[in-house]
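Breakdown of the fold
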Amino acid sequence: MAFRCQRDSYAREFATTVVSCRPAELQTEGSNGKKEVLSGFQVVLEDTLLFPEGGGQPDDHGTIDGVPVLRVTRRGAQADHFTQTPLTPGSEVQVRVDWERRFDHMQQHSGQHLITAVADHLFGLKTTSWELGRLRSVIELDSPSVTTEQVAAIEQSVNEKIRDRLPVNVRELSLDDPEVEQVRGRGLPDDHAGPIRVVTIKGVDSNMCCGTHVSNLSDLQVIKILATEKGKKNKTNLIFLAGNRVLKWMERSHGTEKALTSLLKCGAEDHVEAVKKLQNSTKLLQKSNLNLLRDLAVHVAHSLRNSPDWGGVVALHRKEGDSEFMNIIANEIGSEETFLFLTVGDEKGAGLFLLAGPAEAVETLGPRVAEILEGKGAGKKGRFQGKATKMSRRLEVQALLQDYVSTQSAEE
């Protein structure tokens, strides 16, 4: 038997009974990207309005008597609802679905069925899998490439069918029904039981499917194919949006266009040319700055050669600079008789460092310098350099080097 959400995808609220409630855990991804384990309960209802993830479609969000449902998964013929509040078995409860999420999933899933059928009908492009993503959806086509002309033809055809307001209906067929042989599908789950659910777009496609769908293609509003990209094993991924996602995409694009018009002081039709000019100007400036930085590095090297600290520890920090800047200085100086400690970047934040000097000493002290600056580095032949996160500890490094020099002098 299908769930209520499958029998009526447009239902937003209904009453049912709690069958069971048992302690459970749910693994989720926290805001910091790390896995978190939540303690809660697995609730089984007599029937459910909340779709359990499956068939490439994510699960619904919603509530049971106001209690948020964090995950819905299918287990055989029943759905498990994860909540962090227990619900009493035998009690009657009100289930509400997050309609915005549900309708979005209906639009994307029906859109996928339509694109899949049209791509197959027009060009023999078979769908091997699909993913309903949070921002975009992807259909994997069994072809190493799909041309721009094919994409345009598919997009035109699917939108014509949307304008034709073709109905979409859902039926249940028994496994031994001869019509099952005519229905497109990629096989049934191992634990499938009962009749087969078939989603049909009139005159276009019939497909085995467990997901939620619109009842008429007009509810899709519009489909936009954004791009194609190389997939796995000679496959091509087709990226698309359907319905409200297209409107949101247009809103974002229009906002970007307005912002660029204001920044670039030209109309949208001239944005690309204006950006190209800015890129060329930036490249010229970068080249000029690099030449100036090299000249400065040579000048700094000569100044350091005349430093009163020469022969011991010579240190220099600059806010502006890069690895090349430091290496030019080290190359110009070219001496192994002095410790040269160079740093660039934020004085109290992150940056780059370089330690040059006697090869054996640098090999020993380099990792300790990286440790003090809470960074990482590597080196060879009297030079050790890397990235640091705590430039504020530069004086500690200088003290370390001075101690080393003093100890060596005392031993001699």
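Presented here is a report on the structure given in the accompanying data block. Note that this is a predicted model, so its numbers are computed, not measured. (Residues numbered from 1 in each chain as written. Predicted model: local features only at pLDDT ≥ 70, side-chain atom pairs only at ≥ 80, totals over all residues. Heavy atoms only, no water.)

So, the pairing of strand β17 (residues 351-356)
The buried fraction of β17 amounts to five of the six residues, a majority that puts the element mostly inside the structure. Pairing of strand β16 (residues 339-345) with β17, which is carried by six bridges, proceeds in the antiparallel orientation. Bridge pairing in β17 places phenylalanine 341 opposite leucine 355. Connecting β16 to the antiparallel partner β17 that follows it, the hairpin turn spans five residues. Across six bridges, the pairing between β17 and strand β19 (residues 383-388) is antiparallel. Looking at the pairing, alanine 356 lines up with arginine 383 of β19. (Buried < 20%, exposed > 50% of the residue type's maximum accessible area, 1.4 Å probe, protein only. Helix = DSSP H or I, 4+ residues; strand = E, 2+ residues; numbered from the N terminus. Pairing = 2+ DSSP bridges.)

Some words on the pattern of salt bridges
Between side chains of opposite charge, a pair can form when the charged atoms approach closely. In the structure shown here, the tally under the stated rule is 16 salt bridges. For aspartate 60, the salt bridge goes to arginine 102, with nearest N and O atoms at 2.6 Å. Of the two residues, aspartate 60 sits in the loop between β2 (35-45) and β3 (62-64) while arginine 102 sits in helix α2 (residues 99-123), which places them 42 residues apart along the sequence. The two residues aspartate 60 and arginine 102 agree in class, both being buried. (Salt bridge = Lys/Arg side-chain N within 4 Å of Asp/Glu carboxyl O.)

Digging into helix α5 (residues 271-305)
Taking 1.5 Å per residue, 35 residues should reach 51 Å; α5 reaches 50 Å between its end C-alpha atoms and fits that length. Among the residues making up α5, those that are buried are His271, Ala274, Leu293, Ala297, Val300, Ala301 and Leu304. Those residues of α5 hidden inside the fold are in contact with α4 (244-264), β15 (313-318), α6 (323-333) and β16. (Expected span 1.5 Å × (residues − 1). Contact = heavy atoms within 4.5 Å.)

Regarding the side chain of threonine 200
Relative to the assigned elements, threonine 200 resides in strand β11 (residues 196-201). A polar contact of 2.9 Å, which involves the side chain of threonine 200, links it to the side chain of serine 206. Those residues in contact with threonine 200 that sit more than four places away from it in its chain are Pro167, Val168, Asn169, Arg171, Asp205 and Ser206. (Polar contact = N/O pair within 3.5 Å; in protein donor to acceptor, adjacent residues only side chain to side chain.)

Some remarks on the sheet that holds β16
Spatial strand order, β15-β16-β17-β19-β18: five strands in an open sheet with mixed pairing. Strand pairing shows two members of the sheet lacking a second neighbour, β15 and β18 (376-380), which therefore form its edges. Along the sheet, successive strands turn relative to each other by an average axial angle of 10°, direction set aside. Bridge count between β15 and β16: six bridges; the pairing is parallel. Each residue of the ladder has a partner; that of alanine 315, found in β16, is phenylalanine 341. Along the sheet, α6 contacts β15, β16, β17 and β19; its crossing angle with β16, the most-contacted strand, is approximately 160°. (Axes fitted to C-alpha atoms, helices over the stretch in contact; angles between N-to-C directions.)

Some thoughts on the packing of aromatic side chains
Applying the stated criterion to the full structure yields four aromatic pairs. Centre to centre, the rings of tryptophan 99 and phenylalanine 103 are 5.5 Å apart; their planes meet at 25°, and the pair counts as stacked. Of the two residues, tryptophan 99 and phenylalanine 103 are both situated in helix α2; the distance of four residues between them amounts to about one turn of the helix. A single burial state applies to tryptophan 99 and to phenylalanine 103, both of which are buried. Relative to tyrosine 404, the ring of phenylalanine 339 has its centre 5.7 Å away and its plane inclined at 85°; by these criteria the two rings are edge-to-face. Here phenylalanine 339, found in strand β16, pairs with tyrosine 404, found in helix α8 (residues 394-411); they are 65 residues apart in sequence, far enough to count as distant. Put simply, the rings of Tyr10, Trp99 and Phe103 touch in pairs and so form one group of aromatic residues. (Phe/Tyr/Trp six-rings, centres within 6.5 Å; stacked < 30°, edge-to-face > 60°.)

Side note on the state of the cysteines
Enumeration according to the criterion identifies zero disulfides in this entry. For cysteine 209, which is in no disulfide, the shortest distance to another cysteine sulfur is to cysteine 210 and amounts to 5.4 Å. (Disulfide = S-S within 2.5 Å.)

Points about the nonpolar core
Counting residues in hydrophobic clusters, the biggest one holds 49 residues, and the most contacted among them are Leu114, Ile115, Ile154, Leu217, Ile223 and Phe240. Excluding anything up to four places from it in sequence, leucine 114 contacts Val158, Lys161, Ile162, Ile201, Val204, Leu217, Leu220 and Ile223. By size, the runner-up hydrophobic cluster in this structure holds 19 residues, among which are Phe353, Val369, Ala370 and Leu373. (Core = buried A, V, L, I, M, F, W, Y, C linked by side-chain atoms within 4.5 Å.)

Observations regarding the sheet that holds β11
Ordered in space as β10-β11-β12, the three strands form an open sheet in which the pairing is antiparallel. At either end of the open sheet lies a strand with only one pairing partner, and these are β10 (168-173) and β12 (205-208). The average undirected angle you get between the axes of adjacent strands in this sheet is 25°. Note: β10 against β11, six bridges, orientation antiparallel. In the sheet register, valine 168 faces β11, and the bridge partner there is isoleucine 201.

Re the pairing of strand β7 (residues 92-97)
Going residue by residue along β7, you find Val93, Val95 and Val97 tucked away on one face and Glu92, Gln94 and Arg96 left uncovered on the opposite face. Inspection of the sheet shows strand β1 (residues 13-29) paired to β7 by five bridges, in the antiparallel sense. In the strand pairing of β7, threonine 17 is matched with glutamate 92. Of the strand pairs in this sheet, β3 and β7 are connected by three bridges, and their pairing is antiparallel. Opposite threonine 63, over in β7, you have arginine 96 as the bridge partner.

These figures come from the coordinates and say nothing about function on their own.
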